[in-house]
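Architecture at a glance
Each chain is listed here by its residues.
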Amino acid sequence: MDRNHALPQVQLSAESNALRRIDFCAPQSYKGAGFLSIPDLPRVAEEVSAVVSGDGFHWDIQTHFEPSPGSEPHQIMELGLKGRLHLTCQRCLQGCAVDLDEKRRFIFMATESQADDYPLEDEDQEPLVASQQFNLLETIEDEILLSIPLIPKHPEGFCEPHASVFGDGEDDDVPTERENPFNILKNMKKN
Ligand SMILES: [Zn+2]
């Protein structure tokens with residue numbers, strides 16, 4: 001039996017604070033979309049070099065239930081994220097715009113141990129633990145943080161290495177990139 005037709009679909013509020021407590025144990029699915037600005041996402045805000053007008057993320061979410069043999073159907077959540085933030089370019093140390101366009105799929109498990117047992121090799125979907133006050137804002141923020149590049153840079157040829165960023169040549173990429181964050185940190189503290 002397809003549970004989805006029998007269950008109500010609840011519209012998620014676009015209000016960022018309303019996303020902090022969503023009941024993922026209730027027999028209902030969700031659908032919604034909205035925009036989160038950088039100040040709505042405190043952990044993302046710590047990473048940015050500046051907040052430029054228009055920075056932030058459009059999100060859209062849709063959930064449905066999928067049958068699972070031998071247990072209750074699992075709720076599946078599809079999350080789309082599209083937006084922009086500004087990070088420090090690790091070549092020139094100026095701000096650079098980073099665009100994200102991500103799609104993620106999650107499966108809600110009833111308990112922590114079920115989520116722990118969920119096969120790691122499933123790259124199509126990640127397990128989440130359902131709760132009556134699930135913090136969806138935190139999940140969205142986690143996905144943004146996981147999606148941003150570790151070493152953000154302007155496109156090749158777009159900028160010149162900052163004087164403190166040594167040896168940013170094409171031939172010795174790996175070792176210098178490991179060292180660079182320390183140089184950058186030192187310089188940031190000096191300035
Ligand atoms: Zn740059």
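Residues numbered from 1 in each chain as written. Predicted model: local features only at pLDDT ≥ 70, side-chain atom pairs only at ≥ 80, totals over all residues.

Within the chain, the secondary structure is distributed over five helices and six strands. Reading the chain from its N terminus to its C terminus gives the helix and strand order α-β-β-α-β-β-β-α-β-α-α. Taking all 191 residues of the chain together, the buried fraction comes to 18%. Partitioning the contacts of the chain with sequence separation of at least 6, the portion at a separation of at least 24 is 55%. (Helix = DSSP H or I, 4+ residues; strand = E, 2+ residues; numbered from the N terminus. Buried ≥ 20, exposed ≤ 12 C-beta atoms within 10 Å, placed from the backbone. Contact = placed C-beta atoms within 7 Å.)

Across the sheet, six strands lie side by side as E1-E2-E3-E4-E5-E6; this open sheet has mixed pairing. On the outer flanks of this sheet lie strand E1 (9-11) and strand E6 (126-129), each paired with one strand and no other. Put simply, the sheet's adjacent strands are angled 25 degrees from each other on average, direction ignored. Two strands pair when backbone bridges link them, and strand E2 (residues 29-36) and strand E3 (residues 56-68) are joined in this way by six bridges, in the antiparallel orientation. Bridge pairing in E3 places Gly 32 opposite Ile 61. (Pairing = 2+ DSSP bridges. Axes fitted to C-alpha atoms, helices over the stretch in contact; angles between N-to-C directions.)

Membership of the largest hydrophobic core comes to 27 residues, with the highest contact counts inside it found for Ile 22 and Phe 108. Residue assignment for this core shows that the elements contributing at least two residues are E2, E3, strand E4 (71-88), strand E5 (95-109) and helix H4 (136-147). Here this core gets six residues from one element, more than from any other, and that element is E5. Not counting residues up to four positions away in its chain, the partners in contact with Phe 108 are Phe 24, His 74, Gln 75, Met 77, Leu 128 and Ala 130. (Core = buried A, V, L, I, M, F, W, Y, C linked by C-beta atoms within 7 Å.)

Another point: the pairing of E5. Residues in a regular strand point their side chains to alternate faces of the sheet. Note: E4 against E5, 13 bridges, orientation antiparallel. What sits directly across from Glu 78, in E5, is Arg 105. The antiparallel hairpin formed by E4 and E5 contains six residues in its connecting segment, where Leu 93 sits at a positive phi of about 65 degrees. The sheet contact formed by E5 and E6 spans four bridges and is parallel. Within E6, the residue paired with Phe 108 across the bridge is Leu 128.

Next up on the list: H4. For H4, with twelve residues, the first-to-last C-alpha span of 17 Å sits near the 16 Å given by 1.5 Å per residue. Taken as a whole, H4 has its buried residues at Leu 136, Ile 140, Glu 141 and Ile 144. Each buried residue of H4 sits inside an arc of 140 degrees when the element is viewed along its axis, so together they form one side. On its buried face, H4 is in contact with E2, helix H2 (42-45), E3, E4 and E5. (Expected span 1.5 Å × (residues − 1). Arc of directions from axis to C-beta.)

Chain-level pLDDT for the chain is 88 on average; 84% of the residues reach the 70-or-more range. Within the chain, helix H5 (residues 173-190) has the poorest average pLDDT of any element, 51, and E2 the best, 98. (pLDDT = per-residue confidence, 0-100.)

Next up on the list: the environment of Gln 75. Its place among the elements puts Gln 75 in strand E4. Taking the number of C-beta atoms within 10 Å as the measure of exposure, Gln 75 has 24 and is therefore buried.

Bringing the environment of Gly 95 into the picture now. Checked against the element boundaries, Gly 95 lands in strand E5. The residues contacting Gly 95, other than those within four sequence positions of it, are Ser 49, Ala 50, His 86 and Thr 88.

The sheet contact formed by E3 and E4 spans twelve bridges and is antiparallel. Each bridged residue has a counterpart across the sheet, and for Phe 57 the counterpart in E4 is Gly 83.

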